[in-house]
Amino acid sequence: MEYSSYDDKTLVQMVVGGKSEAFDALFARHRDAIYAMLLKSSGSSNVADDLMQEAFMKAYLKISLYNADYDFGAWIYTIARNTFVDYNRTRKNNAINPQNIPLENSSAAQASAPTPEEYIINVQQRHQIERYIAMLPEDYRQLFELRFLDEYSYEEIAEKLDMKLGTVKTRIFRVRNMMCRLIANNN
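Read on for an overview of the structure.

About the criteria used
All residue numbers here refer to positions counted from 1 along the written sequence of the relevant chain. Restriction of local features to residues with pLDDT of at least 70 applies here, the model being predicted, together with a cutoff of 80 or more for giving and counting side-chain atom pairs; totals for whole chains, interfaces and linings are based on all residues. Processing note: side-chain calculations cover all non-hydrogen atoms of the structure and skip hydrogens and water entirely. To qualify as a helix, a DSSP run of H or I must reach at least 4 residues; to qualify as a strand, a run of E must reach at least 2; elements of each kind are numbered from the N terminus. Type-normalised accessible area, obtained with a 1.4 Å probe on protein chains alone, sets the label of each residue: buried when under 20%, exposed when over 50%, and partly exposed for intermediate values. Under the convention used throughout, the expected extent of a helix is 1.5 Å for every residue step, that is, one less than its residue count. The seven residues ending at a residue and the seven starting there each receive a fitted axis; the angle between those axes is the bend at that residue. The criterion is simple. A nonpolar core is a set of buried Ala, Val, Leu, Ile, Met, Phe, Trp, Tyr and Cys residues joined through side-chain atoms within 4.5 Å. It only takes one pair of heavy atoms within 4.5 Å for two residues to be counted as in contact.

**What to know about the environment of Gln 13**
So, step 1. In this structure, Gln 13 sits in helix α1 (residues 8-16).
So, step 2. Given the relative accessible area of 57%, Gln 13 is considered exposed.
So, step 3. Along the primary structure Gln 13 and Ser 64 are separated by 51 residues, whereas in three dimensions their C-alpha atoms are 8.5 Å apart.

Written out as structure tokens, the structure is:
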């Protein structure tokens, strides 16, 4: 089915109705504008890529909340802008400040060490994520591991796998969606 011929509102209805492939057309239609806005705001192509992916993932997960009285482009733009604001807020809160770095033997350093209960929870969560990764198709599993576990840049992945950069970005977007669905369906 050729989804690109449908308008945004119809595509949203299709996605809500279970045709998740229709979201690819929404992504293709709006990604360049969202990327440009995020690149201008962040000044970094890697940050813009990551934030764009995150914004579209949020939109996909919340698509049933979209109000058809409003323009989809404006809706995704708002999500992307808010994602950037959250990113900036987190970055500022996590900024390295000499006063925030605990001394080796200080009580703050000891307090940051996980408790036995937290350690067990962390191990369980890691095993759960590993199970989800194993459920991914092999080519997507490899992309997920390169991007999120090995922390390769999009450019490095494209070079390593001999793929076009746009293909890498689209597939990483898809694998994020797959992981979100696996997590949502198994919780």
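So that's the structure; there's more coming.
**Things to note about helix α2 (residues 22-42)**
So, step 1. Taking 1.5 Å per residue as the helical rise, α2 with its 21 residues ought to reach 30 Å, and the 29 Å between its terminal C-alpha atoms agrees with that figure.
So, step 2. The largest bend in α2 comes to about 50 degrees, at His 30.
So, step 3. Burial in α2 covers these residues: Ala 22, Phe 23, Ala 25, Leu 26, Phe 27, His 30, Ile 34, Tyr 35, Met 37 and Leu 38.
So, step 4. Taken from the residues just after α2, Gly 43 is the one with a positive phi, measuring 75 degrees.

**What to know about the nonpolar core**
So, step 1. Of all hydrophobic cores here, the largest spans 31 residues; its most connected members are Phe 23, Leu 38, Phe 56 and Phe 72.
So, step 2. Once you skip the residues sitting within four places of it in the chain, Phe 56 turns out to touch Phe 23, Leu 26, Phe 27, His 30, Arg 31, Ile 34, Ile 76 and Phe 173.
So, step 3. Of all hydrophobic cores here, the second largest spans 15 residues; its members include Tyr 132, Ile 133, Ala 158 and Val 168.

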